[in-house]
Amino acid sequence: MPQHSSVAPATTAADERLRELAVELAETAAAHVRARRPEVFADGGPVDGAVATKGHITDPVTVVDTESEQLIRDLLAQRRPDDAILGEEGGGDVGATAPGAVTWVVDPIDGTVNFLYGLPGYAVSVAAVIDGAPVAGAVADVATATTYSAVRGGGAFAVTADGTRTKLSCTQEDSLSVALVATGFAYGTRRRADQARLLTEILPQVRDIRRLGAAAMDLCHVASGHLDAYYEHGLNAWDWAAGALIAAEAGAVVHVPPVTVGGAAGELTFVAAPGIAEDFAALLTETGATTPLPD
């Protein structure tokens with residue numbers, strides 16, 4: 001499983017421009033999502049035709065998801081028309097580009113169930129990937145209007161709605177027994193059952209578990225020190241591409257599957273503050289969590 005840490009090549013001007021564009025795209029789409037929710041969910045429920053399901057009945061997609069992704073695709077067509085795009089709703093192939101070419105990996109709303117219910121904790125995630133690795137990315141928290149971003153070798157930062165900019169750094173926790181850990185669950189019942197079993201083995205070994213409902217946000221919470229670690233099976237590249245880079249640039253130890261591996265394979269993604277990373281990895285191995293959980 002590929003491993004990423006805070007060690008990265010020096011930032012280039014080209015990479016920084018990609019980060020700036022990722023921020024622009026994520027913030028523009030997040031503003032659209034923020035404005036559209038009260039329109040789509042007027043009178044307490046969604047308007048007709050606003051919500052459908054994908055592979056599982058528990059896996060929703062809304063008209064705002066597709067609008068958000070199309071907005072990003074349209075902006076990229078204007079700004080970088082030769083780049084490839086892999087989006088959760090519109091598809092694409094991150095492995096089909098030439099060496100050195102950019103593929104934009106987009107999650108138009110990460111945390112759609114939270115969005116559906118009006119719970120804070122959903123975001124727009126945009127990453128620029130070159131040769132299978134994220135080089136720049138941004139995650140825009142819709143509810144708080146906070147944007148997390150990073151560029152390889154250049155650190156990770158958060159900018160709040162009032163313009164305050166903070167350099168991100170994960171926690172210095174060195175005891176797994178008091179680590180606050182987040183996880184997520186699949187939509188399919190088979191993988192959920194396996195995840196529940198693993199949870200009963202992991203929970204007694206840590207301070208507590210959180211399930212917040214958006215992988216990109218979980219990764220950013222590790223980067224900002226609000227969590228000590230995070231793990232989940234079956235993520236797609238759009239779930240982790242931007243957030244994993246942000247966590248790594250904040251000093252976390254990050255293990256992710258290859259960017260070309262889809263979520264159906266059930267590969268494990270995990271991120272941890274450096275002081276607990278070795279022990280957390282050992283716990284995941286002991287409990288069998290490093291074994292893929294196919295959908």
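Note that this is a predicted model, so its numbers are computed, not measured. (Residues numbered from 1 in each chain as written. Predicted model: local features only at pLDDT ≥ 70, side-chain atom pairs only at ≥ 80, totals over all residues. Heavy atoms only, no water.)

Student: Any chance you could break down the nonpolar core for me, citing the residues and the numbers?
Tutor: Judged by nonpolar contacts, the single largest core of 64 residues is most densely connected at Tyr231, Ile246 and Phe280. Each of two domains, domain 1 (13-167) and domain 2 (176-287), supplies a minimum of three residues to this core. Sequence-distant contacts of Ile246, that is, excluding residues within four places in its chain, are made with Gly137, Val139, Tyr148, Ser149, Ala150, Ala156, Leu168, Cys220 and Ala223. Counting residues in hydrophobic clusters, the runner-up holds 32 residues, among them Leu18, Val23, Ile72 and Val106. (Core = buried A, V, L, I, M, F, W, Y, C linked by side-chain atoms within 4.5 Å. Buried < 20%, exposed > 50% of the residue type's maximum accessible area, 1.4 Å probe, protein only. Domains from an automatic or database assignment. Contact = heavy atoms within 4.5 Å.)

Student: Describe the environment of Glu249, naming the residues involved and giving the relevant values.
Tutor: As for its placement among the helices and strands, Glu249 is situated in helix α6 (residues 237-249). Residue class for Glu249 comes out buried when judged on its relative accessible area of 10%. Separated by 123 residues in sequence, Glu249 and Val126 place their C-alpha atoms 16 Å apart. Here Gly154 takes part through its backbone nitrogen, which lies 3.4 Å from a polar atom of the side chain of Glu249. (Helix = DSSP H or I, 4+ residues; strand = E, 2+ residues; numbered from the N terminus. Polar contact = N/O pair within 3.5 Å; in protein donor to acceptor, adjacent residues only side chain to side chain.)

Student: Tell me about the packing of helix α1 (residues 13-40) against helix α2 (residues 63-79), and please be specific about residues and values.
Tutor: The N-to-C vectors of α1 and α2 enclose an angle of 150°; their axes lie 9 Å apart at closest approach. Put simply, α1 runs roughly antiparallel to α2. Where α1 crosses over α2, the two elements pack in a sense that is right-handed. Contacts from Leu21, Glu24, Leu25, Thr28, Ala29, His32, Val33, Arg36 and Val40 in α1 reach Val63, Val64, Glu67, Ser68, Leu71, Ile72, Leu75, Leu76 and Arg79 in α2. (Axes fitted to C-alpha atoms, helices over the stretch in contact; angles between N-to-C directions. Parallel < 35°, antiparallel > 145°, perpendicular 65-115°, else oblique. Left-handed = near helix turned anticlockwise from the far one by under 90°.)

Student: Tell me about the domain arrangement of the protein, residues and numbers included.
Tutor: Once the domains are mapped, the protein shows domain 1 (13-167) and domain 2 (176-287). The centre of domain 1, based on its C-alpha atoms, is set 20 Å off from the matching centre of domain 2. Taken together, the 38 residues of domain 1 in the interface contact 24 residues of domain 2. Here domain 1 packs against domain 2, burying approximately 2,300 Å² in sum over the two surfaces, 71% of which is carbon and sulfur. Considering only the surface of domain 1 that becomes buried against domain 2, Asp110, Pro134 and Tyr148 emerge as the three largest contributors, covering 22% of it. The interface formed by domain 1 and domain 2 holds zero salt bridges in total. Looking at the side of domain 1 that touches domain 2, the elements that each hand over two or more residues are β4 (84-87), β5 (102-110), α3 (112-117), β6 (123-130), β7 (133-141) and β8 (146-151). (Buried area = accessible area lost by both parts, 1.4 Å probe. Salt bridge = Lys/Arg side-chain N within 4 Å of Asp/Glu carboxyl O.)

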